[in-house]
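This is what each chain is made of:
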Amino acid sequence: MSKHSDDNKTDETAPLSDFIRDKIAEDVKNGKNGGKVITRLPPEPNGYLHIGHAKAFCLSYSVAAQHNGQMNLRFDDTNPMKEESAYAEAIMKDIKWLGLDWGDNLFHASDYFDQLYDFAVRLINKGVAYVDDLTGDEIREYRGSLTSPGKESPYRNRTVEENLDLFEKMKAGEFADGSKTLRAKIDMASPNINMRDPIMYRIMRATHHRTGDKWCIYPMYDWAHGQSDSIEKITHSLCDIGFEDHRPLYDWFLDQLEEHHPQQIEFARLNITYTILSKRKLIQLVNDKHVSGWDDPRMPTISGMRRRGYTPVAIRNFCDRIGVSKRTSLVDLALLEFYVREDLNKTSLRVMAVLDPLKVVITNYPEGQTEEMEAINNPEDESAGTRTVPFSRELYIERGDFMEEPPKKFFRLAPGREVRLRYAYFITCDKVIKDDKTGEIIELHCSYDPATKGGSAPDGRKVKATMHWVSAASSVDAEVREYETLLSVPDPAEEDPEADFKKFVNPGSLKINKNCKVEPSLSDPKPGTRYQFERLGYFCVDSESTPGHPVFNRTVTLRDAWAKIAKNKSKK
């Protein structure tokens, strides 16, 4: 099994251990399945992957890689009404971007439609499957509830010959959509509702994106899923905890067929504060225009995180380190941001950008003169080298870096105060220019000390603040989008279990700054390139960026919230 490329290398200094990895290691040690480990990723091609899928996929990938095993990518494409090839392509793009490699092991449940049909015929011949004429509503009514048993369909005891004939006619298209189903004959009084004669096939005249119009009957997910695992000789079928009640059904099917039994192991789903990981709810956010689409940088989808600037390494490190358990828990979003920040700190080039510009005129600097200042590209990576940034008489600084009447602990620029400009000179604010009508500060007049070039004074005097800046003459106009959490509370279900989750959508989750100024090296950056805007945070070039009008998405701030949380916990 191929490993991650160097560009996608994760932090693997500490060995991973959990109940799933320990169980698989024990199976290998004992020679179960001939010592082989074969896992699979089974997405349905009816939507986009989110970070919850990434956790499950990274687990299946890593346990196979750990034992030099095999990981299959199989699309469980059993519902042509909701599935599209475009979704499958997007899913493969996301999985490849994460650095997970399925090699030549790409499969589809639709590859097995003929075999699944033959399996169904085998169950009919055994007398444990029957064709039912009940409608969908009647089947739901007959199924019963969690507190009351179901009742048997009046068609349950058809003969084997009659069922074979009807099932063949279902396949041949002789019945209307929804008029008949094939059901397993198990136990209508079972405490597990999944065992109450589940539907195996339904009639559905819909064009499948791979098989076209060959079929007018399609297998239900619960019928196709376990058998597909068996056909592929999967050794360990890793599923989220929602499939725990389905395991007896999967086992029953395989027991009846006397086919290979994968071992299904369930684990808790991923939940993250301030984050929605329900596909149904994410669809609502898209359809109701709370976000711009599935790749909106506020979305927890892999495509949204990629657009925002998250890295594959950060996501995989996060998924590896949060661990695997049976118990549902809520992971702090700050931990994910910690891993994003950790990776970007190592790999991102440093640049200067001003999001809320305030003009500074250095009155004693020669008019028309420009100097090239040497700037470090990445202090964490000496091989990244240096670049030059132009310095001139007129500059832009952040409006928030100046206060006319500063409080006690404000050390940045103020009247009469000296500060350092990053990579450049010491400057002192001499005069504040305001708008005559509004009183708004529109310009600062400052003086510089030519002897402090590079940021240090020959006489040894110190300043308490270093500020970023861009040259007014050579700056590039840019749009910068700052993102906050999509939800206004950590857990809507805990806040108000009865409320519509959309009540907690954060109206301030997106702030668009259209009048930003960035250094000239950012005039035409490649979409997807990640930078650290010095003193501001990490930013990624958006897909809507164009030459001469770059657009940046804030990935994460520089402030390490998780480190602060961890420090406070250790104190307690």
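Remember, it's a predicted structure, so these values are computed and weren't measured experimentally. (Residues numbered from 1 in each chain as written. Predicted model: local features only at pLDDT ≥ 70, side-chain atom pairs only at ≥ 80, totals over all residues. Heavy atoms only, no water.)

Visitor: Help me understand the environment of Ile 322 in this model?
Guide: For Ile 322, the position within the fold is in the loop between α11 (312-321) and α12 (333-347). Aside from chain neighbours lying at most four places away, what touches Ile 322 is Lys 55, Leu 270, Val 331 and Leu 335. (Helix = DSSP H or I, 4+ residues; strand = E, 2+ residues; numbered from the N terminus. Contact = heavy atoms within 4.5 Å.)

Visitor: Is there a simple way to explain empty space enclosed by the protein in this structure?
Guide: If a probe the size of a water molecule is rolled over the atoms, the empty space left behind becomes visible. Going through the model one piece at a time under the given rule, you end up with three cavities of 30 Å³ or more. For the lining of the largest cavity, the secondary-structure elements that each account for two or more residues are α7 (221-231) and α8 (247-257). No other element matches α8, which puts four residues into the lining of the largest cavity. Considered class by class, the residues forming the lining of the largest cavity number three nonpolar, three polar and three charged. Roughly 50 Å³ of volume is contained in the second largest cavity. Lining the second largest cavity are Arg 21, Lys 55, Cys 58, Leu 59, Cys 319, Asp 320, Gly 323 and Val 324. When contributions to the lining of the second largest cavity are tallied by element, the ones reaching two or more residues are α2 (51-66) and α11. With three residues, the single largest contributor to the lining of the second largest cavity is α2. (1 Å grid on protein atoms, 1.4 Å probe; cavity = no way out; pocket = protein on both sides within 12 Å on 5 of 7 lines; lining within 4 Å. Points joined across faces, edges and corners; volume = space filled by probe spheres on them. Nonpolar A, V, L, I, M, F, W, Y, C, P; charged D, E, K, R; others polar.)

Visitor: Would you mind going over the pattern of salt bridges with me for this structure?
Guide: Once the charged atoms of two side chains with opposite charge are near each other, the side chains can pair. Per the counting criterion, the structure on display carries 49 salt bridges. Across the salt bridge formed by Asp 177 and Arg 205, the nearest N and O atoms sit 2.7 Å from each other. Taken together, the residues span a long stretch of sequence, with Asp 177 in the loop between α6 (160-171) and β5 (181-184) and Arg 205 in the loop between β6 (199-203) and β7 (217-219) at a distance of 28 residues. Using a relative accessible area of 41% as the deciding quantity, one classes Asp 177 as partly exposed. (Salt bridge = Lys/Arg side-chain N within 4 Å of Asp/Glu carboxyl O. Buried < 20%, exposed > 50% of the residue type's maximum accessible area, 1.4 Å probe, protein only.)

Visitor: Explain the state of the cysteines here, please?
Guide: Here a disulfide denotes one covalent bond, and it connects the sulfur atoms of two cysteines. Summed over all chains, the structure comprises zero disulfides. You can see Cys 58 has no disulfide; the closest cysteine sulfur is in Cys 319, sitting 4.4 Å from it. Take Cys 446: it sits in no disulfide, and the sulfur closest to it among the cysteines is that of Cys 429, at 4.6 Å. (Disulfide = S-S within 2.5 Å.)

Visitor: What's the story with the sheet that holds strand β3 (residues 106-108) in this structure? I'm lost.
Guide: Neighbouring strands of a sheet are bound in pairs by backbone hydrogen bonds; such pairs are parallel or else antiparallel. Across the sheet, which stays open at both edges, the three strands sit in the order β1-β2-β3 with parallel pairing between neighbours. One side of each edge strand has no neighbouring strand; the edge strands of this open sheet are β1 (38-41) and β3. The mean angle between the axes of side-by-side strands here comes to 35°, regardless of whether they run parallel or antiparallel. Where strand β2 (residues 70-75) meets β3, three bridges bridge the pair, whose relative direction is parallel. If you follow Phe 75 over to β3, its bridge partner there is His 108. (Pairing = 2+ DSSP bridges. Axes fitted to C-alpha atoms, helices over the stretch in contact; angles between N-to-C directions.)

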